Amino acid sequence: MDFREHGFVSQPGVELHGVQRRKKSICDVQGCEEDMGKEDNIESFMTDFSNVYASDLLPSKHGGEFTEQFLLEVVDILLHYIRKTFDEKSKILDFHYPHQLLEGLDGFNLELSDQPEPLEQLLVDCRDTLKYGVKTGHPRFFNQLSSGLDIIGVAGEWLTATANTNMFTYEISPVFIVMEMILLKKMHEIIGWGETEADGIFSPGGSISNLYSILVARYKKFPEIKTKGMAVLPHIVLFVSEHSHYSIKKIAAVLGIGTDNVIEVKCDERGKMIPLELEKNILQAKKMGLTPFCVSATAGTTVYGAFDPLDNIADICEQHNLWMHVDAAWGGGLLMSKKHSYKLHGIERADSVTWNPHKLMGVPLQCSVVLIREMGLLKSCNQMCAEYLFQPDKHYDIGYDTGDKTIQCGRHVDIFKLWLMWKAKGTYGFEVQINKFMELADYLYKILKKKENFELVFDAEPELTNVCFWYIPPRLKSISNEYERQQELQKIAPKIKAMMIEGGTTMISYQPHGDKVNFFRMVFSNPATKQSDVDFLIDEIERLGKAL
Ligand code: ABU
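Model, not experiment: these values are computed from the prediction.

**Notes on the overall build of the protein chain**
For step 1, the next point in the chain: Each helix and strand counted, the protein chain has 16 helices and 15 strands in total.
For step 2, the next point in the chain: When the backbone C-alpha atoms are referred to their principal axes, the protein chain occupies close to 85 × 80 × 45 Å.
For step 3, the next point in the chain: For the protein chain, the residues scored as buried account for 53% of the 548 residues in total.
For step 4, the next point in the chain: At a minimum sequence separation of 6, the contacts of the protein chain that also span at least 24 residues come to 71%.
For step 5, the next point in the chain: Total accessible area on the protein chain is roughly 24,700 Å²; 55% of this is exposed by carbon and sulfur atoms.

So this is what it looks like as structure tokens:
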């Protein structure tokens, strides 16, 4: 933010509205990064905050001007960071080891003091917090399923922070509660749940959304669980694929079901649950006297990006009267694309769905939803009727006090940024964005198929944006013993990744999976990424790995 555009400029050392100004290089606030462009070295007029404290800001009596100037400087820091984020030549990160951060870096001290520090120091701290962090919106950041930096989404998050309210009742969040209802309805329609009333809740991440679904699935079959606990239940089990997200096991532990009672169903080579194996596992469990209650299918596995055959799984659930959950945290975004939504065919038969708009839809973290087909279940499962919040004699329809559907009390407003982005893009805009990610995945897959020294983990066109591959340094080709070769290959991805992070050039994740040694998992969810960034990644892996 250039104050001159906003009429805030005064001469150095001159007082304006009681605020002391001084001329100062923008480097004072932005920090002179190695990669800083010329435009960043311009001088700017800034308020001198060296003797100004938080207590001088609003609501202090004359705090208006200081508040304005302080927030403008914070915005200036954020804008600088946003510009750098989209500059592919800037580093993704300036990596430091934990002990370095703990010891303090160049005036960036994380320790907290008893006495207040001046706002000048706080601005430096804001800048340094970003400087030593990771630019997850950088076009070459491929490390996580959630990436990118959507400007409208950021604006939505700023507004949300400023509103600083809580989702438990209509009386304190009227607009956000209605927005949530509208979005739940929209997402129900997109799933194909037709005219049913829209139930669900935005929650703090995919794992918690999955937790809601298992909680409600168990409650539906055994409503007595709410008051009597696990002791009155038979020995219950649920089914997931061996490629499913680890949160299901964690949930089983949290809900007192036990991780041993999560039965992992075999997958095919591509990472999809095999329906015949599911059926076999259910029958086997019943024969052993266990009580199956739920199948959690996955639409877009975390590593392979695989879609379980939802229609077949729905048939089996129907036949055995099991709750069908679909964890579409990652792949749910494809529902927005007319071209790719067929991959989730059968999701309309699910009883519950997890969908994370903070992944493929690019909504700033966090934004996750669990959608429940049957209206009212969430509420009866979780309702505790706290009298100080959910008074029955309010002057409006208390159906809008949705807070008792949750397992939380306070709940962050995650809805506004999604609503605002939907307004800005329209449904069509999300579709275009997601189709582009799929094109990039296809581009990478086709290159890797032809490229020497790269090997695909499974040779099939990407169904989602995941592309899994090994880089094989030339030295490994001469190792004839397969076991020895695999042992060596296991070390390659971590070594390349370490060099990437230290150089700050790009970031991609790796993992072993089943019997496969460490391989790279490329994913596309960042609207800033272009084909040239994909080319860069491949060249960078070769550059760093060829001598290993
Ligand atoms: N909950 C899955 C996120 C994993 C990832 O970003 O790689």
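From this point on, the discussion continues.
**Remarks on empty space enclosed by the protein**
For step 1, the next point in the chain: Tallied over the full model, the rule gives three cavities of 30 Å³ or more.
For step 2, the next point in the chain: Computed from the structure, the second largest cavity encloses a volume of approximately 40 Å³.
For step 3, the next point in the chain: Lining the second largest cavity, in full, are Arg270, Tyr445, Leu456, Phe458, Ala460, Pro462, Asn466, Val467 and Cys468.
For step 4, the next point in the chain: The residue makeup of the lining of the second largest cavity, split by class, is seven nonpolar, one polar and one charged.

**Here we look at the sheet that holds strand β13 (residues 467-471)**
For step 1, the next point in the chain: Taken together, five strands build an open sheet; the order of strands is β4-β14-β15-β13-β12 and the sheet is mixed. The sheet terminates laterally at β4 (141-142) and β12 (454-456), the two strands that pair on one side only.
For step 2, the next point in the chain: Examined bridge by bridge, β4 and strand β14 (residues 507-513) share two bridges and lie parallel to one another. Directly across from Phe142, in β14, lies its bridge partner Ile508.
For step 3, the next point in the chain: Strand contacts of helix α16 (residues 531-545): β4, β12, β13, β14 and β15 (516-522), with the helix running at about 25 degrees to β13, the strand carrying the most contacts.

**What to know about the sheet that holds strand β8 (residues 291-298)**
For step 1, the next point in the chain: Judged by pairing direction, the sheet is mixed, and its seven strands sit side by side in the order β5-β11-β10-β9-β8-β6-β7 without closing on themselves. Two strands in the sheet have a free side with no partner beyond their single neighbour: β5 (199-203) and β7 (262-265). Averaged over all pairs of adjacent strands, the angle between their axes in this sheet comes to 20 degrees, without regard to strand direction.
For step 2, the next point in the chain: Sheet analysis places strand β6 (residues 236-241) next to β7, joined by four bridges and oriented parallel. Its bridge partner lying in β7, Phe239 is registered against Ile263.
For step 3, the next point in the chain: Against the sheet, helix α9 (residues 247-254) engages β6, β7 and β8, with an angle of about 165 degrees to β7.

**Describing the confidence of the model for the protein chain**
For step 1, the next point in the chain: For the protein chain, per-residue confidence averages 92 on the pLDDT scale, and 92% of positions sit at 70 or higher.
For step 2, the next point in the chain: A low-confidence stretch, residues 1-18 (pLDDT under 50), is modelled with 39 contacts involving residues beyond four sequence positions or located in other chains.
For step 3, the next point in the chain: In this model, residues 22-43 is a region of pLDDT below 50 whose contacts with residues beyond four sequence positions or in other chains number 55 contacts.

**Digging into the packing of aromatic side chains**
For step 1, the next point in the chain: Overall, the coordinates contain 16 aromatic pairs when judged by the stated rule.
For step 2, the next point in the chain: Ring centres of Phe49 and Phe66 lie 6.3 Å apart, and the angle between their planes is 50 degrees; on these two criteria the pair is classed as tilted. Highlighted residues: Phe49 in the loop between β3 (43-47) and α2 (64-85) and Phe66 in helix α2, separated in sequence by 17 residues. Residues Phe49 and Phe66 agree in their burial class; the two are buried.
For step 3, the next point in the chain: Aromatic ring contacts, followed pair by pair, group Tyr304, Phe458, Trp470 and Phe519 into a single cluster.
For step 4, the next point in the chain: Directly above the ring of Phe536 sits Arg140, whose terminal nitrogen or CZ lies 3.8 Å from the centroid.
For step 5, the next point in the chain: Between the NZ or CZ atom of Lys425 and the centre of the ring of Phe430, over which it lies, the distance is 5.9 Å.

**Comments concerning the side chain of Thr160**
For step 1, the next point in the chain: Here Thr160 is to be found in helix α5 (residues 151-163).
For step 2, the next point in the chain: Residues in contact with Thr160, not counting those within four places in the same chain, are His412, Val413 and Phe416.

**A few points about the packing of helix α13 (residues 415-450) against α16**
A pair of packed helices is characterised by two quantities: the angle between their axes and the separation of those axes.
For step 1, the next point in the chain: The contact between α13 and α16 brings their axes to 10 Å, and the two run at 35 degrees. As α13 runs across α16, the sense of the crossing is right-handed. Taking contact as the criterion, the partners of Leu440, Tyr443, Leu444, Ile447 and Leu448 in α13 are, on α16, Gln531, Val534, Asp535 and Ile538.
For step 2, the next point in the chain: Residues belonging to the contact of α13 with α16 are distributed by class as follows: seven nonpolar, one polar and one charged.

**What to know about the site of the ligand**
For step 1, the next point in the chain: Taken together, the neighbourhood of the ligand is formed by Gln144, Leu145, His245, Thr302, Lys359 and Arg521.
For step 2, the next point in the chain: Note that an oxygen atom of the ligand is positioned 3.0 Å from one of the side-chain N or O atoms of Gln144.
For step 3, the next point in the chain: In the model, an oxygen atom of the ligand is placed 2.9 Å from a nitrogen or oxygen of the Arg521 side chain.
For step 4, the next point in the chain: In isolation the ligand offers 250 Å² of accessible surface; the protein chains occlude 71% of this area.
For step 5, the next point in the chain: According to the grid-proximity analysis, the pocket containing the ligand is the second largest pocket.

**Some points on the layout of surface pockets**
Any empty space left between the atoms is revealed when a probe the size of a water molecule rolls over them.
For step 1, the next point in the chain: Of the pockets and cavities examined, the largest pocket occupies roughly 740 Å³.
For step 2, the next point in the chain: Forming the walls of the largest pocket are 28 residues, and the residues nearest its centre are Leu149, Val154, Glu157, Trp158 and Pro364.
For step 3, the next point in the chain: Elements with a contribution of two residues or more to the lining of the largest pocket: α2 and α5.
For step 4, the next point in the chain: Per-element accounting of the lining of the largest pocket gives the leading share, eight residues, to α2.
For step 5, the next point in the chain: Taken together, the residues that form the lining of the largest pocket break down as 16 nonpolar, nine polar and three charged.
For step 6, the next point in the chain: In this structure, the second largest pocket encloses a volume near 550 Å³.
For step 7, the next point in the chain: Along the walls of the second largest pocket sit 31 residues, with Ser244, His245, Tyr246, Ser247 and Thr302 positioned nearest its centre.
For step 8, the next point in the chain: Elements supplying a minimum of two residues to the lining of the second largest pocket: α7 (206-221), β6, α9 and β7.

Cut-offs applied
Residues numbered from 1 in each chain as written. Predicted model: local features only at pLDDT ≥ 70, side-chain atom pairs only at ≥ 80, totals over all residues. Heavy atoms only, no water. Helix = DSSP H or I, 4+ residues; strand = E, 2+ residues; numbered from the N terminus. Buried < 20%, exposed > 50% of the residue type's maximum accessible area, 1.4 Å probe, protein only. Contact = heavy atoms within 4.5 Å. Areas by Shrake-Rupley, 256 points an atom, 1.4 Å probe, with all protein chains shown as cover. 1 Å grid on protein atoms, 1.4 Å probe; cavity = no way out; pocket = protein on both sides within 12 Å on 5 of 7 lines; lining within 4 Å. Points joined across faces, edges and corners; volume = space filled by probe spheres on them. Nonpolar A, V, L, I, M, F, W, Y, C, P; charged D, E, K, R; others polar. Pairing = 2+ DSSP bridges. Axes fitted to C-alpha atoms, helices over the stretch in contact; angles between N-to-C directions. pLDDT = per-residue confidence, 0-100. Phe/Tyr/Trp six-rings, centres within 6.5 Å; stacked < 30°, edge-to-face > 60°. Lys NZ or Arg CZ within 6 Å of the ring centre and 35° of its normal. Left-handed = near helix turned anticlockwise from the far one by under 90°. Near = heavy atom within 4 Å. Polar contact = N/O pair within 3.5 Å; in protein donor to acceptor, adjacent residues only side chain to side chain. Sits in = over half its atoms within 2 Å of the grid points.

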